[in-house]
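# Close look at the chain arrangement
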There are 2 protein chains.
Amino acid sequence: MKYIEKLRNSGLRPTKQRLQICEVLFDRDKTFHFTINELEQKIKKQINNKISLATVYNTVHAFEKKGYLKQIPINSNQTYFDTNVTDHHHFYDLKDEKLIDLENSDVGPINILKKIDGKKIKSVEVLVKLED
Amino acid sequence: MKYIEKLRNSGLRPTKQRLQICEVLFDRDKTFHFTINELEQKIKKQINNKISLATVYNTVHAFEKKGYLKQIPINSNQTYFDTNVTDHHHFYDLKDEKLIDLENSDVGPINILKKIDGKKIKSVEVLVKLED
DNA sequence: ATTCTAGTTTATAATGATTCTAAAAAAGTG
DNA sequence: CACTTTTTTAGAATCATTATAAACTAGAAT
Ligand SMILES: [Mn+2]
Ligand SMILES: [Mn+2]
Ligand SMILES: [Zn+2]
Ligand SMILES: [Zn+2]
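What counts, and at which threshold
Residues numbered from 1 in each chain as written. Chains lettered and ligands numbered in written order. Predicted model: local features only at pLDDT ≥ 70, side-chain atom pairs only at ≥ 80, totals over all residues. Heavy atoms only, no water. Helix = DSSP H or I, 4+ residues; strand = E, 2+ residues; numbered from the N terminus. Buried < 20%, exposed > 50% of the residue type's maximum accessible area, 1.4 Å probe, protein only. Contact = heavy atoms within 4.5 Å. Areas by Shrake-Rupley, 256 points an atom, 1.4 Å probe, with all protein chains shown as cover. Lys, Arg positive; Asp, Glu negative; His and termini not counted. Charge placed at Lys NZ, Arg CZ, Asp CG, Glu CD. Near = heavy atom within 4 Å. Polar contact = N/O pair within 3.5 Å; in protein donor to acceptor, adjacent residues only side chain to side chain. Phe/Tyr/Trp six-rings, centres within 6.5 Å; stacked < 30°, edge-to-face > 60°. Lys NZ or Arg CZ within 6 Å of the ring centre and 35° of its normal.

## Section: the overall build of chain A
For chain A, the count of helices and strands is four helices and six strands. Start at the N end of chain A and walk to the C end: the helices and strands fall as α-α-β-α-α-β-β-β-β-β. The dimensions of chain A, computed from C-alpha atoms along their principal axes, are 50 × 40 × 25 Å. The buried share of chain A, reckoned over its 132 residues, is 43%. Looking at chain A alone, contacts between residues at least 24 apart form 44% of all its contacts between residues at least 6 apart. Accessible surface, chain A as shown: approximately 7,500 Å² in total, 46% of it carbon and sulfur. Side-chain charges in chain A split into 23 positive and 19 negative, and the spacing between the mean points of these groups amounts to 9 Å.

Put into structure tokens, the structure is as follows:
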């Protein structure tokens, strides 16, 4: 299995549950955005094995901490995650409540002119809200 | 009272509670960012009158709908609001969990090159995360 | 293989921000 | 005042997320 090494290298034991979640998250052509509930549904459909909700939460947070997922800053009643961990931005369709990737080339360079003493920039993210 | 007209013009009855919340929110030199709980505390300190939490929620949402407040897209367990309703951006200090305004002039023009059929851009917001 | 230990999974409970409910109070109108 | 509509309120309900603590498992040691 190709994810065993990845997990071991991160100090995470390659358990059956984690490997199955890896498959659901990373064995695909395109990256995607998801909430925990959407992921739970996807797991149910794709895997012949029940994974408890607590484990889904634990795993997503562990993967986020290791940099395999990122959280998208958005106001929603549920937290959105992204399997695309490159620097990029988002459209947020207010009606459909769906996220769409905006690559850096779709936005152009963003230069932050203001500086805050003793702090450094960790990330710069653009959220473009869409309406009809 | 200077907020009576403002409320009437929005189709909101100028109740004692709403006027008091207006004072707390808008009778100041600088705009600010807040969560509902922070606002509740501020109200307690500033006003000699209890306002129920439900009313604080109702009022904040009513003001948001009327464009007197805006919600800041950020991942936190509590929703952040802003009394600065002009187009602007934010630093988010991850350690202090505090927001700092970034004026448009601090960021420069942002040109979104990608278009989505049938959708138009409602807002473009930049979130710059800060670490030590 | 057997034992040991730290790490993991799990069902379930707890938490807490937000929303809902429905009755009482207040605002606006004539 | 009498009447209607809106608003406030305490408390309950909701629901995403986190905590708990017991059972299980992976990896390592014996
Ligand atoms: Mn989280
Ligand atoms: Mn809201
Ligand atoms: Zn994305
Ligand atoms: Zn602001």
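## Details of the protein's contact with DNA strand C
In the vicinity of DNA strand C there are 20 residues, among which T15, Q17 and R18 of chain A together with Y57 and T79 of chain B approach most closely. For DNA strand C, a phosphate oxygen lies 3.0 Å from a polar atom in the side chain of T55 of chain A. Within the side chain of Y57 of chain B, one N or O atom sits 2.6 Å away from a phosphate oxygen of DNA strand C. Contributions of two or more residues to the surface near DNA strand C are made by α2 (16-26) and α4 (53-66) of chain A together with α4 (53-66) of chain B. No other element matches α4 of chain A, which puts three residues into the surface near DNA strand C.

## A few points about the protein's contact with DNA strand D
Not every one of the 21 residues close to DNA strand D is listed here, only the nearest: R8, Y57 and T79 of chain A together with T15 and R18 of chain B. Here, DNA strand D places atoms within 4 Å of the protein, and 78% of those atoms are sugar or phosphate. Note that a phosphate oxygen of DNA strand D is positioned 2.7 Å from one of the side-chain N or O atoms of R18 of chain B. Looking at the surface near DNA strand D, the elements with two or more residues in it are α4 of chain A together with α2 (16-26) and α4 of chain B.

## Some remarks on the packing of aromatic side chains
Overall, the coordinates contain ten aromatic pairs over all chains when judged by the stated rule. Aromatic side chains Y3 of chain A and F26 of chain A sit 6.3 Å apart centroid to centroid with 45 degrees between the ring planes, which places their arrangement in the tilted category. In this pair, Y3 of chain A sits in helix α1 (residues 3-9) while F26 of chain A sits in helix α2, placing the two residues 23 residues apart along the sequence. F26 of chain A carries the same exposure label as Y3 of chain A, and that label is buried. Arranged with centres 5.5 Å apart and planes meeting at 45 degrees, the rings of F32 of chain B and F34 of chain B form a pair that is tilted. As far as the burial class goes, F32 of chain B and F34 of chain B line up, both buried. Ring pairs connect the aromatic residues Y3, F26, F63 and Y68 of chain A, which therefore count as one cluster. Here K6 of chain A stacks its cationic end above the ring of F26 of chain A, 4.2 Å away from the centre of that ring. The ring of Y68 of chain A has K6 of chain A sitting right over it, with the charged end atom 4.5 Å from the ring centre.

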